[in-house]
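Residue-level structural notes
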Amino acid sequence: MTDAHETRTGELIFEILRLHGRLIAAGDALVGPLGLTSARWQVLGTVANAQDRITMADIARSLGQSRQSVRRIVNELLDAGFVEMADNPRHQRAPHIILTSRGTETYAEATAVRIPWNRRLSTKVAPQDVDTALAVMRSIRAEL
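Residues numbered from 1 in each chain as written. Predicted model: local features only at pLDDT ≥ 70, side-chain atom pairs only at ≥ 80, totals over all residues. Heavy atoms only, no water.

Bringing the overall build of the protein chain into the picture now. From N to C terminus, the protein chain includes six helices and two strands. The helix and strand sequence of the protein chain, counted from the amino end, reads α-α-α-α-β-β-α-α. The dimensions of the protein chain, computed from C-alpha atoms along their principal axes, are 55 × 35 × 25 Å. Within the span of the protein chain, comprising 144 residues, buried residues form 24% of the whole. Long-range pairs, those at least 24 residues apart, make up 48% of the contacts in the protein chain between residues at least 6 apart in sequence. Looking at the protein chain as shown, the accessible area adds up to about 10100 Å², and 54% of this sits on carbon and sulfur atoms. Mean positive and mean negative side-chain charge positions of the protein chain (18 and 16 charges, respectively) differ by 2 Å. (Helix = DSSP H or I, 4+ residues; strand = E, 2+ residues; numbered from the N terminus. Buried < 20%, exposed > 50% of the residue type's maximum accessible area, 1.4 Å probe, protein only. Contact = heavy atoms within 4.5 Å. Areas by Shrake-Rupley, 256 points an atom, 1.4 Å probe, with all protein chains shown as cover. Lys, Arg positive; Asp, Glu negative; His and termini not counted. Charge placed at Lys NZ, Arg CZ, Asp CG, Glu CD.)

So, in structure tokens, the structure goes:
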């Protein structure tokens, strides 16, 4: 690897971090009227899109976040009536997190407002560039 390549990789990482901040702000604005924040939306989406029932630890692993931060967000979602806890026969102290009917409806509403936003953003990027960006970010994430 060359020093220039290492420098450009560092620039990419910082650009991803700056993009992350913008995405959080945009997500908050997009789903704020639904009673969500970007963090709540991420957790709600992880639960909604799970293939099977999941625990807080599963959510934390999926999002690459600490269990404590996920616990805080799940507690907010519980208080707002978006999720509920269900018994986990495999582990009594790690209940499953499931969507309530309100959570299911709200996640569907969030998806409905996300689609046109996503469509607009996708018109600004060539498909092959999206494929390359995905490959690069997945590679960096796997290395970490």
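Below, the discussion takes up the nonpolar core. One finds Leu-36, Leu-44, Ile-59, Val-74, Leu-77 and Ile-97 to be the most contacted residues of the largest nonpolar core, which totals 20 residues. When contributions to this core are tallied by element, the ones reaching two or more residues are α2 (38–48), α3 (56–63), α4 (67–80) and α5 (101–122). Setting aside its immediate chain neighbours within four residues, Leu-44 contacts Leu-36, Leu-77, Phe-82, Val-83, Leu-99, Gly-103 and Tyr-107. (Core = buried A, V, L, I, M, F, W, Y, C linked by side-chain atoms within 4.5 Å.)

This part is about α3. What α3 keeps buried is the set Met-56, Ala-57, Ile-59 and Ala-60. What you see down the axis of α3 is that its buried residues fit within an arc of 160°, all on one side. Away from its buried face by more than 90 degrees, α3 exposes Arg-61 and Ser-62. Gly-64 sits one or two residues past α3 and shows a positive phi near 70°. (Arc of directions from axis to C-beta.)

Before going further, it helps to examine the pattern of salt bridges. The full count for this structure, using the stated rule, is five salt bridges. Here Arg-8 and Glu-11 are joined by a salt bridge, their closest N and O atoms 2.7 Å apart. In this pair, Arg-8 and Glu-11 are both assigned in helix α1 (residues 3–31), three residues apart and thus about one turn of the helix distant. On the accessibility criterion, Glu-11 (40% relative accessible area) is partly exposed. (Salt bridge = Lys/Arg side-chain N within 4 Å of Asp/Glu carboxyl O.)

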